[in-house]
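Tertiary structure, described
Listed below, chain by chain, are the residues.
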Amino acid sequence: RAFAGIPSVLVDNYQGMRDAVCHLIEHHDYRRIAFLRGPEGAQEEELRFRAYRDALTDHGLPLRAELISGHTNWDRSDGPVVIADFLDARGLRPKIDFDAIISVGDDMACGALETLQARGVLVPEDVAVVGFNDDDEGRAILPALTTVRQPVEKMAPSNA
């Protein structure tokens, strides 16, 4: 996070998310990409959501409100809640109404991925799931989570 008057090394949240959405569109031909939001007012969340919105617009794809979750707390437990909202409350059908999901964070993406699988949705065959952060959990889940990498160890190396 940036703090006024304090030098900072930051992740480019906007470009990282934009690149991920563009990759889904340009290389995998996904057109109905759902977005899992983070906490309201969080700078990282706002930048990542703006990047999602801009990437869709730049590719001539509509911003569909039904494919955008409400604000969450970034947690793994938010993934099942959002998937239940999409499938049960909104009546969205995987592979038909949405073909990919991109999340503001890996934890929530992992929870969403597991919930989709528990409901018989094949990942990535039916719906691709993408996170942001490259957390260890995302590498341990099956299938491994596709994610935007934040090379924190290179941004702030330890001198120990």
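Everything here concerns the structure above.
Presented here is an overview of the structure given in this document. Everything numeric in this text was worked out from a predicted model, so none of it was measured.

1. Examining the overall build of the protein chain
Of regular secondary structure, the protein chain possesses six helices and four strands. Each helix and strand of the protein chain, ordered N terminal to C terminal, gives the series α-β-α-α-β-α-β-α-β-α. Over its C-alpha trace the protein chain gives a radius of gyration of 16 Å, about what one expects of a compact globule, namely 15 Å for 160 residues. Once the C-alpha set of the protein chain is aligned to its principal axes, its extents read approximately 50 × 35 × 30 Å. In the protein chain, which comprises 160 residues, the proportion classed as buried is 46%. At a minimum sequence separation of 6, the contacts of the protein chain that also span at least 24 residues come to 70%.

2. Section: the sheet that holds strand β3 (residues 128-133)
The parallel open sheet is built from four strands, whose spatial order is β1-β2-β3-β4. The strands lining the two open edges of the sheet, one partner per strand, are β1 (33-36) and β4 (146-149). Recorded for the sheet is a direction-independent mean angle of 20 degrees between the axes of neighbouring strands. When β1 meets strand β2 (residues 100-103), the two strands line up parallel, connected through four bridges. Counted as the bridge partner of Ile33 is Ala100 from β2. Its contacts with the sheet put helix α1 (residues 13-28) on β1, β2, β3 and β4, and the angle it makes with β2 is roughly 170 degrees. In the packing of helix α4 (residues 106-118) onto the sheet, the strands contacted are β1, β2, β3 and β4, and the crossing angle to β3 comes to about 160 degrees.

3. Some thoughts on helix α3 (residues 78-89)
Helix length check: α3 (twelve residues) gives 15 Å between terminal C-alpha atoms against 16 Å at 1.5 Å per residue, within 8%. Among all positions of α3, only Asp78, Gly79, Val82, Ile83, Phe86 and Leu87 are buried. Axial view of α3: buried residues confined to an arc of 150 degrees, hence all on one face. Exposed and oriented more than 90 degrees from the buried face of α3 are Val81, Asp88 and Ala89. Among the structural elements, β1, β2 and α4 are those in contact with the buried residues of α3. Phi turns positive one or two residues past the end of α3, at Gly91, with a value near 70 degrees.

4. With respect to α1
With 16 residues, α1 extends 22 Å between its outermost C-alpha atoms, agreeing within 8% with the 22 Å of an ideal straight helix rising 1.5 Å per residue. All of the buried residues along α1 are Asn13, Tyr14, Gly16, Met17, Arg18, Ala20, Val21, Cys22, Leu24 and Ile25. Contact partners of the buried residues in α1: β1, α2 (43-58), β2, β3 and β4. Asp29 sits one or two positions beyond α1 and adopts a positive phi of about 60 degrees.

5. What about the packing of α3 against α4?
Across the interface, α3 lies against α4 with an axial gap of 6 Å and an inter-helix angle of 55 degrees. Comparing their axes, α4 and α3 come out oblique. In the packing of α3 onto α4, the handedness of the crossing is right-handed. Across the interface between the two elements, Asp78, Gly79, Pro80, Val82 and Ile83 from α3 touch Met108, Gly111, Ala112, Thr115 and Leu116 from α4. Classifying every residue of the contact of α3 with α4 by side-chain character gives six nonpolar, three polar and one charged.

What counts and what doesn't
- Residues numbered from 1 in each chain as written.
- Predicted model: local features only at pLDDT ≥ 70, side-chain atom pairs only at ≥ 80, totals over all residues.
- Heavy atoms only, no water.
- Helix = DSSP H or I, 4+ residues; strand = E, 2+ residues; numbered from the N terminus.
- Rg over C-alpha atoms; globule rule 2.2 N^0.38 Å.
- Buried < 20%, exposed > 50% of the residue type's maximum accessible area, 1.4 Å probe, protein only.
- Contact = heavy atoms within 4.5 Å.
- Pairing = 2+ DSSP bridges.
- Axes fitted to C-alpha atoms, helices over the stretch in contact; angles between N-to-C directions.
- Expected span 1.5 Å × (residues − 1).
- Arc of directions from axis to C-beta.
- Parallel < 35°, antiparallel > 145°, perpendicular 65-115°, else oblique.
- Left-handed = near helix turned anticlockwise from the far one by under 90°.
- Nonpolar A, V, L, I, M, F, W, Y, C, P; charged D, E, K, R; others polar.

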